[in-house]
Amino acid sequence: MKFISTKNTDEKVSFREAVLKGMAINKGLFMPEIIPVMEKNFFSKLGNLSDLDIATKVIYPFVEESIAQNDLLEILKKTLSFPTPVVHVAGRVYALELFHGPTQAFKDIGARFMAGCFSHFRNNQKKATILVATSGDTGSAVAHGFHQVDGVEVVILFPKGKVSPYQEYQMTSIVNSNIRAIEVDGTFDDCQALVKQAFADKALNQQLSLSSANSINIARLLPQMLYYFFAWKQIRQFSSKPIVISVPSGNFGNLTAGIIAKRMGLPIERFIAANNINNTFTKYMETGRYMPKPSVSTYSNAMDVGAPSNFERLMHLFGNNPDAIRNEIHSYSIDDEHTLDEIRQVYKSHNYKLDPHGAVGKICLTKDLNVNELGVFLETAHPQKFNEVVRLAIPMLPDSEVDLSGCAKVSIGNNYMDLLKIL
Ligand SMILES: *Cc1c(COP(=O)(O)O)cnc(C)c1O
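Given the structure is predicted, the values throughout are model-derived calculations rather than measurements. (Residues numbered from 1 in each chain as written. Predicted model: local features only at pLDDT ≥ 70, side-chain atom pairs only at ≥ 80, totals over all residues. Heavy atoms only, no water.)

S.K.: In this structure, what is going on with the overall build of the protein? I would like to understand it.
M.R.: Scanning the protein for helices and strands turns up 19 helices and 14 strands. Against the 2.2 N^0.38 benchmark of 22 Å for 423 residues, the protein shows a C-alpha radius of gyration of 20 Å, consistent with a compact globule. Across the 423 residues of the protein, 60% fall into the buried class. Counting only contacts in the protein whose residues sit at least 6 apart along the sequence, the fraction spanning at least 24 positions is 76%. Of the roughly 16400 Å² that the protein leaves accessible, carbon and sulfur atoms contribute 48%. Here the protein contributes 43 positively and 42 negatively charged side chains, and the mean placements of these two sets differ by 3 Å. (Helix = DSSP H or I, 4+ residues; strand = E, 2+ residues; numbered from the N terminus. Rg over C-alpha atoms; globule rule 2.2 N^0.38 Å. Buried < 20%, exposed > 50% of the residue type's maximum accessible area, 1.4 Å probe, protein only. Contact = heavy atoms within 4.5 Å. Areas by Shrake-Rupley, 256 points an atom, 1.4 Å probe, with all protein chains shown as cover. Lys, Arg positive; Asp, Glu negative; His and termini not counted. Charge placed at Lys NZ, Arg CZ, Asp CG, Glu CD.)

S.K.: Is there a simple way to explain the pattern of salt bridges in this structure?
M.R.: Once their charged atoms are close, side chains differing in charge can pair, the charge on each being opposite to the other. In the structure shown here, the tally under the stated rule is 19 salt bridges. With a closest N to O distance of 2.7 Å, Asp368 and Arg270 form a salt bridge. A residue pair is termed long-range when its members are at least 10 positions apart, and Asp368 in helix H17 (residues 356-368) and Arg270 in strand S11 (residues 270-275) qualify at 98 residues. For the pair Asp368 and Arg270, one class covers both residues: buried. (Salt bridge = Lys/Arg side-chain N within 4 Å of Asp/Glu carboxyl O.)

S.K.: Is there a simple way to think about the sheet that holds strand S10 (residues 243-248) in this case?
M.R.: For sheets, the rule is that strands pair by backbone hydrogen bonds, running either parallel or antiparallel. Reading across the sheet, the six strands line up as S4-S5-S13-S10-S11-S12 and stay open at both edges, with mixed pairing between neighbours. Pairing within the sheet leaves two strands with one partner each, and these edge strands are strand S4 (86-90) and strand S12 (329-333). Adjacent strand axes in the sheet meet at a mean angle of 25 degrees, parallel and antiparallel pairs treated alike. With five bridges connecting them, strand S5 (residues 93-97) and strand S13 (residues 374-379) associate as parallel partners. Bridging from a neighbouring strand, Glu97 pairs with Glu379 of S13. Along the sheet, helix H12 (residues 253-263) contacts S10, S11, S12 and S13; its crossing angle with S11, the most-contacted strand, is approximately 175 degrees. (Pairing = 2+ DSSP bridges. Axes fitted to C-alpha atoms, helices over the stretch in contact; angles between N-to-C directions.)

S.K.: Looking at this model, I keep getting lost on the site of the ligand. Mind explaining?
M.R.: Every one of the 15 residues lining the ligand counts as a neighbour, but Lys107, Asp137, Gly250, Phe252 and Thr380 are closest to it. Side-chain polar atom of Asp137 to an oxygen atom of the ligand: 2.4 Å apart, as the coordinates give it. Within the backbone of Asn254, an N or O atom sits 2.9 Å from an oxygen atom of the ligand. Protein coverage of the free-state accessible area of the ligand, which is 380 Å², stands at 97%. For the shell around the ligand, the class distribution of residues is six nonpolar, seven polar and two charged. (Near = heavy atom within 4 Å. Polar contact = N/O pair within 3.5 Å; in protein donor to acceptor, adjacent residues only side chain to side chain. Nonpolar A, V, L, I, M, F, W, Y, C, P; charged D, E, K, R; others polar.)

In structure tokens:
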């Protein structure tokens, strides 16, 4: 299978090239040329397969040109070394908990798979530099996923004062290593713009062999399909109801992965794009017009994105047709006040601790779910990771002290010259 650019379908590369390059020419994003459809009996037998078997069968058709099946199995084994359970929360509503990995957010799965692919591909080649912008969770997942991967330097840009202390700790506590976390005096969108500028800089690319670990990298995206299959398998053991999945969304990598899983044949009734007040996508669904705007800080900061990078991929999947998207995806935008209310209520009534992102997902799910359906929201991070916010809703929870004193951090201004100086 080849991967094509969303900007130019004549630009065709192997999986290996797509991963190492990160982004296609003219800021295009790589997409699989075709999406393979699993045989019907794959789904009827899913309950008998292990998660690792499912993962190998789902991913292999995409990578077979670049990774042998045995090697893929090894990469997947390391990626999937923690569970992704479906947990009952209330009524017909379930949480798919994606936070049982080392940095307590779903991004561990994409980052670990990508690190595995990178170390598989980079053998004996010149050193690569991975440049990544983060609103918090990508940075920590990539820092941990790539820690001590030979031949790879990682530079993480995060917005100053806009990540949680816990996230900052996870990024900056790996000192004296191949990982550097840089705080930028700006927003997440500014960090992302700097990364995009670096990728458009041909001389810099030559010199550093730049690659990206944002969800623009297809190696981050593909493994994110897997937990939709795992969730479906778990649910079908106790219910045959149509399944609706609500995805707390920022850059829309998770949702794009869900749509690809559905195109592979996974029977998901529909998806919900759950947004905080950074509602560029919700507005697009209402108006059919895409109007990116600067991001605003909220309690669910991993979703503070004004110009979602995977929007381009969704357009590609739906042929730029808003009505086609509306058929499969519903979208809502939720403010901070309702997010806190939800955390408080769900804890009080159901003794389940939501994180702010999961809370946004659950509210949107409840708004949209029909009586005959079963709903799942992705619990994208552990509540502990956003303890300062969760405690605003549930003050009796203990304070978590984060000690940043031994951490390494470099600060730069929000401009390209400053970035070049530290690269
Ligand atoms: C990254 C992140 C999101 C948003 O995911 P996208 O794939 O960028 O839409 C939501 N919740 C948490 C906790 C995250 O870390």
